[in-house]
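Chain by chain, the residues run as shown.
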Amino acid sequence: MAVGKECTFTSAHSLGPSADDIPRDLGTAEINGQDVAIELLRAGWAKVKELKREPTDEDNRRRDVEAEARAAGKGIWNPHGQKVRRVPHAHA
């Protein structure tokens, strides 16, 4: 989905420099109009982080997508172990 594609990142929150003196931005990434986090959750390759705040509608949507992947046994939720799928990529 991402190899060789243009990615749009929208910053929602900036964190100051940490111990490594690198500031961090938190937000959303999209490739061809698809939310990267949602696609990772849908494939079962990510988990929703536990929140210390009241969940938003988007947080709840992500939890629902994660629950669907878990119920389907995808990715990290596969009871027989994770399955790797190789995708060949030709360099331009």
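In this convention, every chain numbers its residues from 1, walking through the sequence in written order. Only residues with pLDDT of at least 70 get local features here, since the model is predicted, and only at 80 or more are side-chain atom pairs given and counted; chain-wide, interface and lining totals rely on the full set of residues. To get the side-chain values, all heavy atoms of the structure are used, and hydrogens and water are removed first.

Chemist: Got a minute to help me understand the pattern of salt bridges in this structure?
Modeler: Pairing between side chains of opposite charge can happen when their charged atoms approach one another. The term salt bridge refers to a side-chain nitrogen of Lys or Arg lying within 4 Å of a carboxyl oxygen of Asp or Glu. Applying the stated rule across the entire model yields seven salt bridges. Among the ionic pairs, Asp 20 bridges to Arg 24, the shortest N-O distance being 2.8 Å. A salt bridge links Glu 58 to Arg 62, with the nearest nitrogen and oxygen atoms 3.4 Å apart. Of this pair, Glu 58 and Arg 62 both sit in helix H2 (residues 57-72), four residues apart, which is roughly one turn of that helix. Each residue's exposure class comes from its accessible area (1.4 Å probe, protein chains only) as a fraction of the maximum for that residue type: buried when under 20%, exposed when over 50%, partly exposed otherwise. By relative accessible area, which is 31% here, Glu 58 ends up partly exposed. It is possible to trace a salt-bridge network through shared partners that takes in Asp 35, Glu 58, Arg 61 and Arg 62. Going along the chain from the N terminus, every DSSP run of H or I of four or more residues is numbered as a helix, and every run of E of two or more is numbered as a strand.

Chemist: Looking at this model, I keep getting lost on the environment of Thr 56. Mind explaining?
Modeler: The residue Thr 56 is located in the loop between helix H1 (36-43) and H2 in this model. Separated by 14 residues in the primary sequence, Thr 56 and Arg 70 place their C-alpha atoms 21 Å from one another.

Chemist: Got a minute to help me understand H2 in this structure?
Modeler: Structural remark: α-helix, 3.6 residues per turn; residues separated by three or four positions point the same way. With 16 residues, H2 ought to run about 22 Å at 1.5 Å a step, and its terminal C-alpha atoms sit 23 Å apart, in line with that. Every buried residue of H2 is listed here: Asp 59, Arg 62, Val 65, Glu 66 and Ala 69. End-on, the buried residues of H2 take up no more than an arc of 125 degrees, which puts them together on one face. Facing away from the buried surface of H2 by more than 90 degrees, the exposed residues are Asp 57, Glu 68 and Ala 71. Those residues of H2 that are buried lie in contact with strand E2 (24-31), strand E3 (34-35) and H1. Expected helix span is given by 1.5 Å per residue-to-residue step, counting one fewer step than there are residues. Taking the helix axis as origin, the arc is that swept by the directions to the C-beta atoms. Whether two residues touch is decided by their heavy atoms; if any such pair falls within 4.5 Å, the residues are in contact.

Chemist: Just checking my understanding: could you explain the packing of H1 against H2 for this structure?
Modeler: Describing two packed helices takes the angle between their axes plus the distance from one axis to the other. The N-to-C vectors of H1 and H2 enclose an angle of 25 degrees; their axes lie 7 Å apart at closest approach. What the angle tells us is that H1 and H2 run roughly parallel. The segment H1 lies against H2, with Ala 37, Ile 38, Leu 41 and Arg 42 engaging Glu 58, Arg 61, Arg 62, Val 65, Glu 66 and Ala 69. Comment: axis = line fitted to C-alpha atoms, over the contacting stretch for helices; angle = value between 0 and 180 degrees taken between N-to-C directions. We call two directions roughly parallel when the angle between them is under 35 degrees, roughly antiparallel when it is over 145, roughly perpendicular when it lies between 65 and 115, and oblique otherwise.

Chemist: Where do I start with H1 in this structure?
Modeler: Think of a polar contact as two N or O atoms within 3.5 Å of one another; within protein, one of them needs to be a possible hydrogen donor and the other a possible acceptor, and neighboring residues in sequence only count if both atoms come from side chains. Between the side-chain oxygen of the N-cap and the backbone nitrogen of Ala 37 there are 2.8 Å, and the N-cap of H1 in question is Asp 35. Taken from the residues just after H1, Gly 44 is the one with a positive phi, measuring 80 degrees.

Chemist: Could you clarify how one ought to interpret the pairing of E2 in this entry?
Modeler: Each regular strand displays side chains that alternate between the two surfaces of the sheet. Note: strand E1 (residues 8-15) against E2, seven bridges, orientation antiparallel. Bridge pairing in E2 places Leu 15 opposite Arg 24. Note on pairing: two strands pair once DSSP finds at least 2 bridges between them. Adjacent in sequence and paired antiparallel, E2 and E3 are bridged by two residues, among which Asn 32 carries a positive phi angle near 50 degrees.

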